[in-house]
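One letter stands for each residue in the lines below.
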Amino acid sequence: MTEPGAPPLWRNRDFVTLWSGQVVSALGARISATAMPLLVLATTGSAADAGLVAAAGTLPFLVAQLPAGPLVDRWDRRRILRASEALAGLALLSVPIAQWLDALTVAQLVVVAFVQGMCAVFFGLAETAALPVIVPAAQLPTALAQNEARGRGAALAGGPIGGLLFGLDRTLPFLVDAISYAAASVALLSLRKELRSGPVAPAEPLWRATAAGLRWIWRHPLIRAAILLIAASNLVFQALVLVLVVLAQRRGATAGEIGTMLGVYSGGGLLGALAATRLHRHLSPKMVIIGVNWIWTALLPLFLLTTNALQIGAIGAATAFVGPLWNVVIVSYSALLVPNELLGRVTSAAMTVSWGVMPIGSLGAGLLLAGAGPTGTILTLTGVMLATAVAATISPAVRRAPPLPRG
């Protein structure tokens, strides 16, 4: 039930403003994310180069999360949200400009991906810290599920659109993404609420502020265990996307077919996000955390049974379906347990570990593809996922996970 005096979620003006602006931005980001590896492969033909660009896009999650967290707790979060969108849009706009001038290089794509990733770090931390201020606690799991649906829906549409636009003209996906970032930045001007729950913490040395987030995580076994499990699965699935693109391309799939494959893949995530609001009420957190990892372990080897792009997408959709339920459980725990004045620091520390492995996944995928091919790479990823599922099953903190509030 809704907290007394709180409006229904979709009558919460600030939540709707933030959510709708990000629908546009997330769609643009998925369009360019689909086109980026295709552009690198079309330009250089190197899976290693594609892995390098993908790694650059996720490197900020490793190198910038810890210092970004205290800054998000200290700075104006509304300004962070708007500035992140605007800067990412400018970075993406440089890609079509360089293509028109016939001056595009892999080095530029590495820089663009890094800037876009850096903006995503600051935006994600600011949004995570602002959401518990905008949304009452009892509505938080529903709000997080709606955010999952937003991202998954953007991925569903963004894959096919990105592939189609790339097939028409290599500049179009990046131009569309730049426009989407600009539109989202303008939409964020409508946010009215102060996006922090209390007074700004006094300035302190950055190392001390980041240590506060790490200490909080270390003292809470469930959050600590969940972060390590997320890190392992992020490593696997960051690598898997590049593996599937290369696998489909080597089997003769066109850019449009690869985009459709990624759209089908993401469609499973959208269905999972829509179902997560209801399912989290009927499944215990322990069941979700353990069960999702075993489902992923069982599904990964199925990619070896087909080389058809649509069938690959369908198997990916099954893996993506269960992901939002896992995300809602973990993010709900973090948002409800962590004091809001520490939320930026704790979230940044958590994401440094859980998302910081993603550059390793991208680089590792490129190297494994070059050395062992798609089959060997998928088998390696399956082994990592199996170890993760076993770790989740035997973790005492996971087995004793408390229930989430019902809303």
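Source: prediction; values computed, not measured.

Each value, and the rule that gives it
Residues numbered from 1 in each chain as written. Predicted model: local features only at pLDDT ≥ 70, side-chain atom pairs only at ≥ 80, totals over all residues. Heavy atoms only, no water. Helix = DSSP H or I, 4+ residues; strand = E, 2+ residues; numbered from the N terminus. Rg over C-alpha atoms; globule rule 2.2 N^0.38 Å. Buried < 20%, exposed > 50% of the residue type's maximum accessible area, 1.4 Å probe, protein only. Contact = heavy atoms within 4.5 Å. Areas by Shrake-Rupley, 256 points an atom, 1.4 Å probe, with all protein chains shown as cover. Lys, Arg positive; Asp, Glu negative; His and termini not counted. Charge placed at Lys NZ, Arg CZ, Asp CG, Glu CD. Patch = residues over 30% accessible without salt bridge, like charges linked within 9 Å, V, L, I, M, F, W, Y side chains within 5 Å. Salt bridge = Lys/Arg side-chain N within 4 Å of Asp/Glu carboxyl O. Phe/Tyr/Trp six-rings, centres within 6.5 Å; stacked < 30°, edge-to-face > 60°. Lys NZ or Arg CZ within 6 Å of the ring centre and 35° of its normal. Axes fitted to C-alpha atoms, helices over the stretch in contact; angles between N-to-C directions. Parallel < 35°, antiparallel > 145°, perpendicular 65-115°, else oblique. Left-handed = near helix turned anticlockwise from the far one by under 90°. Nonpolar A, V, L, I, M, F, W, Y, C, P; charged D, E, K, R; others polar. Polar contact = N/O pair within 3.5 Å; in protein donor to acceptor, adjacent residues only side chain to side chain. Expected span 1.5 Å × (residues − 1). Bend = angle between axes of the 7 residues up to and from the residue.

Novice: Sorry if this is basic, but what is going on with the overall build of the chain here?
Specialist: The secondary structure content of the chain amounts to 16 helices and 0 strands. Computed over its C-alpha atoms, the radius of gyration of the chain comes to 20 Å, within 12% of the 22 Å expected for a compact globule of 407 residues. By principal-axis analysis of the C-alpha atoms, the chain measures approximately 55 × 50 × 40 Å. Burial statistics for the chain: of 407 residues in total, 56% are counted as buried. Of the contacts made within the chain by residues no fewer than 6 positions apart, 89% connect residues no fewer than 24 positions apart. A total accessible area of about 16,400 Å² is found for the chain, and carbon and sulfur atoms account for 68% of it. Counting 27 positive and 15 negative side-chain charges, the chain places the centres of these two groups 10 Å from one another.

Novice: Before we go on, may I ask you to explain a nonpolar patch on the surface in this structure?
Specialist: A cluster of nonpolar side chains, Leu271, Leu274, Leu279 and Phe321, forms an exposed patch at the surface whose accessible area comes to about 360 Å². No other element matches helix H11 (residues 255–282), which puts 3 residues into the nonpolar patch. On the secondary structure map, Leu279 appears in helix H11.

Novice: I keep staring at the packing of aromatic side chains and nothing clicks. Help me out?
Specialist: Remark: the centre distance and the inter-plane angle together describe each pair of aromatic rings, the angle taken between the planes. Evaluated as defined, the whole model comprises 2 aromatic pairs. Over the ring of Trp218 we find Arg224, and its NZ or CZ is 4.6 Å from the ring centre.

Novice: Before we go on, may I ask you to explain the environment of Trp75 in this structure?
Specialist: Mapped onto the fold, Trp75 is located in the loop between helix H4 (65–74) and helix H5 (77–100). For the pair formed by Trp75 and Ala126, sequence separation is 51 residues and the distance between their alpha carbons is 9.5 Å.

Novice: What's the story with the packing of H5 against helix H8 (residues 172–187) in this structure? I'm lost.
Specialist: What describes two packed helices is the angle between their axes and the distance between those same axes. Taken N-terminus to C-terminus, the directions of H5 and H8 make an angle of 160°; their axes are 8 Å apart at the nearest point. In terms of axis orientation, H5 runs roughly antiparallel to H8. For H5 against H8, the interelement crossing comes out left-handed. Contact with H5, carried on its side by Arg82, Glu85, Ala86, Ala88, Gly89, Leu92, Leu93, Val95, Pro96 and Gln99, involves Phe174, Leu175, Asp177, Ala178, Tyr181, Ala184 and Ser185 of H8 and no other residues of that element. The class makeup of the residues in the contact of H5 with H8 is 11 nonpolar, 3 polar and 3 charged.

Novice: Help me understand the side chain of Arg150, please; the structure alone is not making it clear to me.
Specialist: Locating Arg150 in the fold gives a position in helix H7 (residues 140–168). In this structure the side chain of Arg150 is engaged in a polar contact, spanning 3.1 Å, whose partner is the side chain of Glu127. Here Arg150 is in contact with Leu18, Trp19, Gln22, Val23 and Glu127, once residues within four sequence places are set aside.

Novice: What should I look at first to understand H7 in this one?
Specialist: The α-helix advances 3.6 residues per turn, and as a result positions three or four apart in sequence lie on the same side. Counted at 1.5 Å a residue, the expected span for H7 with its 29 residues is 42 Å, and the 41 Å between its end C-alpha atoms agrees. If you look at H7, its biggest bend is around 30°, right at Gly158, and the proline Pro160 turns up within four residues after that.

Novice: Would you take a moment to explain the pattern of salt bridges for this structure?
Specialist: Opposite charge on two side chains allows them to pair when their charged atoms are near. Overall, the coordinates contain 1 salt bridge when judged by the stated rule. In this structure, the salt-bridge partner of Glu127 is Arg150, at a minimum N-O distance of 3.1 Å. Of this pair, Glu127 sits in helix H6 (residues 106–134) while Arg150 sits in helix H7, placing them 23 residues apart in sequence. The residues Glu127 and Arg150 share a single accessibility class, namely buried.

Novice: Quick question: what am I supposed to make of the side chain of Thr382 here?
Specialist: Along the chain, Thr382 turns up in helix H15 (residues 358–394). Taking the relative accessible area as the measure of exposure, Thr382 reaches 13% and is therefore buried.

Novice: Can you help me understand the packing of H7 against H8 in this one?
Specialist: Between H7 and H8, the least distance of the axes is 7 Å, while the angle of their chain directions is 125°. Taken together, the axis directions place H7 and H8 in an arrangement best described as oblique. Taking contact as the criterion, the partners of Gly162, Leu165, Phe166 and Leu168 in H7 are, on H8, Leu172, Pro173 and Val176. Split by residue class, the contact of H7 with H8 holds 6 nonpolar, 1 polar and no charged.

Novice: Even after reading the chapter, I still don't get the environment of Val331, so can you show me in this structure?
Specialist: With respect to the secondary-structure elements, Val331 resides in helix H13 (residues 309–337). By relative accessible area, which is 32% here, Val331 ends up partly exposed. Residues Val331 and Leu144 lie 187 residues apart in sequence; the distance between their C-alpha atoms is 7.7 Å.

Just distances and angles here, no functional claims.
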